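So the chains spell out like this:
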Amino acid sequence: MDKITEKVLFFLKKNPGYVSGEQMSHYLSISRSAIWKHIQELRDSGYTIEAIPHLGYRLLKLPDKLLPYELTHNLATKLMGKKVYYFETVTSTMDIAHNLAKQNEPEGTVVVAESQTKARGRLKRKWFCWRYKGIYFSFILRPQIHPNEAFIFNLLSSVAVVEAIKEITDIQTELKWPNDIILNGKKLAGILTEIEAEMEKVHFIIIGIGINVNNNSQQLIEPAISLYEYKKEIIDRLDLMRSLLIKIEEYYLLFKQKGAGFILDRWRMYTSTLGRMVKIIQDKRVLIGLAQDVDEEGNLLLRKETGLIERINAGDLFYCR
Ligand code: BTN
């Protein structure tokens, strides 16, 4: 959206009644036919704007889209969302974010899509998208950390997701190690962290978040759930994503200043994994034990039957009972 279209939109939002083309043309110092052109642009992006002769224009409805302007206007962040790339459809926001990171786009750059044709989840699984129903985005971070520390970003992001959902919908979700967000025992959201690194140094991290927001039951694949299915109320995706961007930034800045301690404490508060008997399926083995705690890097500490504690950094986790 160009700057003048943004100003037209701003003016319409500020004046909830009718505003005449003349008022707007005076305010923006452009002709009335130019105003008309910008109104058309806004309509093309999905804004519903009424135009009545002698009365003027009136903004009736915002589009139900995660448009960059709506996402970032007056957003209280310094980093997250300073640059937003928006797509109706892409293969995967992860791929786009990787390419942008390689072209030196700054940290906090966000790639958001209404739908993805090749969305991926952990362990090369498919992630299911439904256009305009979910929140699907990836973002770039450039923390100065050792590759071993990157795992904590799963926990950081999942804590932010839980808190944003609570803030906007009042729904309390739970975390399942390593990075599933669970509601009513079903998967609501997932997080994927990919890193580009050398032996000792991370170049950048791409974190992808997918949340089932307004999907109805036909638009979900079992065992998945959406906020709408739980609450039977349409949730404002923009509000939720804006809150999420703020929370991610808060925790990221906290991590940079004080390390992972605070994030881990929050994660322990929200998880349903610790203290339970779990089964972990890895590539070539299955482990059973008590999920005792997570360490500073976010690895799971599993107390096995022998009493030995094993540090787990990957795998699929299932609750035994
Ligand atoms: C998982 O639970 O396995 C992680 C799912 C991550 C899905 C998101 S949607 C936005 C981003 N783009 C992708 O291709 N995947 C992530």
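Source: prediction; values computed, not measured. (Residues numbered from 1 in each chain as written. Predicted model: local features only at pLDDT ≥ 70, side-chain atom pairs only at ≥ 80, totals over all residues. Heavy atoms only, no water.)

Digging into the site of the ligand
In the vicinity of the ligand there are 18 residues, among which S92, Q116, R120, R122 and K187 approach most closely. For the ligand, a nitrogen atom lies 2.7 Å from a polar atom in the backbone of R120. A total of 420 Å² of accessible area belongs to the ligand in isolation, and the protein chains cover 97% of it. Cavity membership is defined here by more than half of the atoms lying within 2 Å of grid points; on that basis the ligand lies in the largest pocket. Going through the elements one at a time, α5 (93–102), β5 (134–141), β8 (186–197) and β9 (202–212) are the ones with two or more residues in the shell around the ligand. Per-element tally for the shell around the ligand: the top contributor is β8, with 4 residues. Class assignment for the residues of the shell around the ligand results in 7 nonpolar, 8 polar and 3 charged. (Near = heavy atom within 4 Å. Polar contact = N/O pair within 3.5 Å; in protein donor to acceptor, adjacent residues only side chain to side chain. Areas by Shrake-Rupley, 256 points an atom, 1.4 Å probe, with all protein chains shown as cover. 1 Å grid on protein atoms, 1.4 Å probe; cavity = no way out; pocket = protein on both sides within 12 Å on 5 of 7 lines; lining within 4 Å. Sits in = over half its atoms within 2 Å of the grid points. Helix = DSSP H or I, 4+ residues; strand = E, 2+ residues; numbered from the N terminus. Nonpolar A, V, L, I, M, F, W, Y, C, P; charged D, E, K, R; others polar.)

Some words on the sheet that holds β9
Ordered by their spatial adjacency, 7 strands build an open sheet running β3-β4-β5-β9-β8-β7-β6, and the pairing between neighbours is mixed. With one partner strand each, in any of the chains shown, β3 (84–90) and β6 (174–176) form the two edges of the open sheet. Averaged over all neighbouring strand pairs, the angle between strand axes comes to 20°, with direction disregarded. Bridge analysis of strand β7 (residues 180–183) against β8 gives 4 bridges, and the strand direction is antiparallel. Bridge pairing links L183 to K186 in β8. Across the sheet, helix α8 (residues 237–258) is in contact with β4 (110–116), β5 and β9; its angle to β5 comes to roughly 25°. (Pairing = 2+ DSSP bridges. Axes fitted to C-alpha atoms, helices over the stretch in contact; angles between N-to-C directions. Contact = heavy atoms within 4.5 Å.)

Some words on a nonpolar patch on the surface
Among the surface-exposed residues, I281, V286, I288 and F318 lie close enough to one another that they form a single nonpolar patch of about 340 Å² accessible area. One can find V286 in strand β11 (residues 286–294). (Patch = residues over 30% accessible without salt bridge, like charges linked within 9 Å, V, L, I, M, F, W, Y side chains within 5 Å. Salt bridge = Lys/Arg side-chain N within 4 Å of Asp/Glu carboxyl O.)

Regarding the domain arrangement of the protein chain
Looking at the assigned domains, one finds that the protein chain contains domain 1 (3–61), domain 2 (68–270) and domain 3 (277–319). The interface of domain 2 with domain 3 comprises 16 residues on the first partner and 15 residues on the second. Contact between domain 2 and domain 3 buries roughly 1,300 Å² in total, counting both sides, with carbon and sulfur atoms accounting for 53%. Taken together, domain 2 and domain 3 are joined by 3 salt bridges. Close ionic contact of D293 with R268 constitutes a salt bridge, the shortest N to O distance being 2.8 Å. Taken together, the connections running from domain 2 to domain 3 amount to 6 residue pairs in polar contact (both at pLDDT 80 or more). The set of elements that each furnish at least two residues to the side of domain 2 that touches domain 3 consists of α6 (152–169), β6 and α9 (261–270). Among the elements that line the side of domain 2 that touches domain 3, the one with the most residues is α9, at 3 residues. Here the residues of the side of domain 2 that touches domain 3 are counted per class, giving 10 nonpolar, 1 polar and 5 charged. (Domains from an automatic or database assignment. Buried area = accessible area lost by both parts, 1.4 Å probe.)

Observations regarding helix α3 (residues 32–44)
The first and last C-alpha atoms of α3 sit 18 Å apart over 13 residues, in line with the 18 Å expected at 1.5 Å per residue. Looking at α3, one finds that the buried residues are I35, H38, I39 and L42. Summarising the axial view, the buried residues of α3 lie within an arc of 105°, below the 170-degree limit, and thus occupy one face. Residues of α3 that are exposed and point more than 90 degrees away from the buried face comprise S33 and D44. The elements touched by buried residues of α3 are α1 (3–14), α2 (21–28), β1 (48–52) and β2 (56–61). (Expected span 1.5 Å × (residues − 1). Buried < 20%, exposed > 50% of the residue type's maximum accessible area, 1.4 Å probe, protein only. Arc of directions from axis to C-beta.)

Digging into the sheet that holds strand β13 (residues 309–312)
Read across the open sheet, the 5 strands follow the order β13-β12-β11-β10-β14; overall the sheet is antiparallel. If you trace the sheet from one side to the other, it starts and ends with β13 and β14 (316–319), each paired once. Geometrically, the sheet is characterised by an average inter-axis angle of 45° between neighbouring strands, direction not taken into account. In terms of strand pairing, strand β10 (residues 277–281) meets β14 through 4 bridges, oriented antiparallel.

Observations regarding the packing of α8 against α9
At a minimum axis separation of 8 Å, α8 and α9 run at an interaxial angle of 130°. Taken together, the axes of α8 and α9 are oblique relative to one another. Here Y251, L254 and F255 of α8 come into contact with α9, specifically with F262, I263 and R266. Here the residues of the contact of α8 with α9 sort into 5 nonpolar, no polar and 1 charged. (Parallel < 35°, antiparallel > 145°, perpendicular 65-115°, else oblique.)

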